Amino acid sequence: MNLPTQQLPAIIRTYFLISAESVQKDPLIDQRGSIIVDVGVVLLAASLVIAVKMISPRVEHAIVLAIFLSVALIAFFFIK
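Residues numbered from 1 in each chain as written. Predicted model: local features only at pLDDT ≥ 70, side-chain atom pairs only at ≥ 80, totals over all residues. Heavy atoms only, no water.

Caption draft 1: Representation of the confidence of the model for the chain. The predicted model of the chain averages 75 in pLDDT, with 66% of residues at 70 or higher. No element of the chain has a lower mean pLDDT than helix α1 (residues 10-22), which averages 55, and none a higher one than helix α3 (residues 57-79), which averages 87. (pLDDT = per-residue confidence, 0-100. Helix = DSSP H or I, 4+ residues; strand = E, 2+ residues; numbered from the N terminus.)

Caption draft 2: Geometry of the packing of aromatic side chains. Overall, the coordinates contain one aromatic pair when judged by the stated rule. With a centroid separation of 5.4 Å and an interplanar angle of 65°, the aromatic rings of Phe76 and Phe77 are classed as edge-to-face. For Phe76, a relative accessible area of 48% corresponds to the partly exposed category. (Phe/Tyr/Trp six-rings, centres within 6.5 Å; stacked < 30°, edge-to-face > 60°. Buried < 20%, exposed > 50% of the residue type's maximum accessible area, 1.4 Å probe, protein only.)

Caption draft 3: Region of interest: the packing of helix α2 (residues 31-55) against α3. Two numbers describe how α2 lies on α3: the axes approach to 6 Å, and their chain directions differ by 150°. When the axes of α2 and α3 are compared, the pair comes out roughly antiparallel. Each of Val49, Val52 and Lys53 in α2 lies in contact with α3, whose residues at this interface are Pro57, Val59, Glu60, Ile63 and Ile67. (Axes fitted to C-alpha atoms, helices over the stretch in contact; angles between N-to-C directions. Parallel < 35°, antiparallel > 145°, perpendicular 65-115°, else oblique. Contact = heavy atoms within 4.5 Å.)

Here it is as structure tokens:
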């Protein structure tokens with residue numbers, strides 16, 4: 001199997017350089033929309049905890065414990 005030993009043409013090099021830079025500046029990605037989604041998820045989680053609290057305190061404690069353990073494990077794996 002013969003691999004090409006010549007350099008890449010200038011057009012291909014330019015394409016790779018431009019595509020690598022444009023990933024950060026993509027106008028089609030709505031950055032503010034992602035913040036709104038994050039806030040919505042937090043509000044949804046808080047409303048879920050409040051609704052469960054009205055139903056049963058034991059279920060509330062179980063959900064809060066599960067959330068706390070999940071956050072702790074996520075933090076542990078990110079630090080590691």
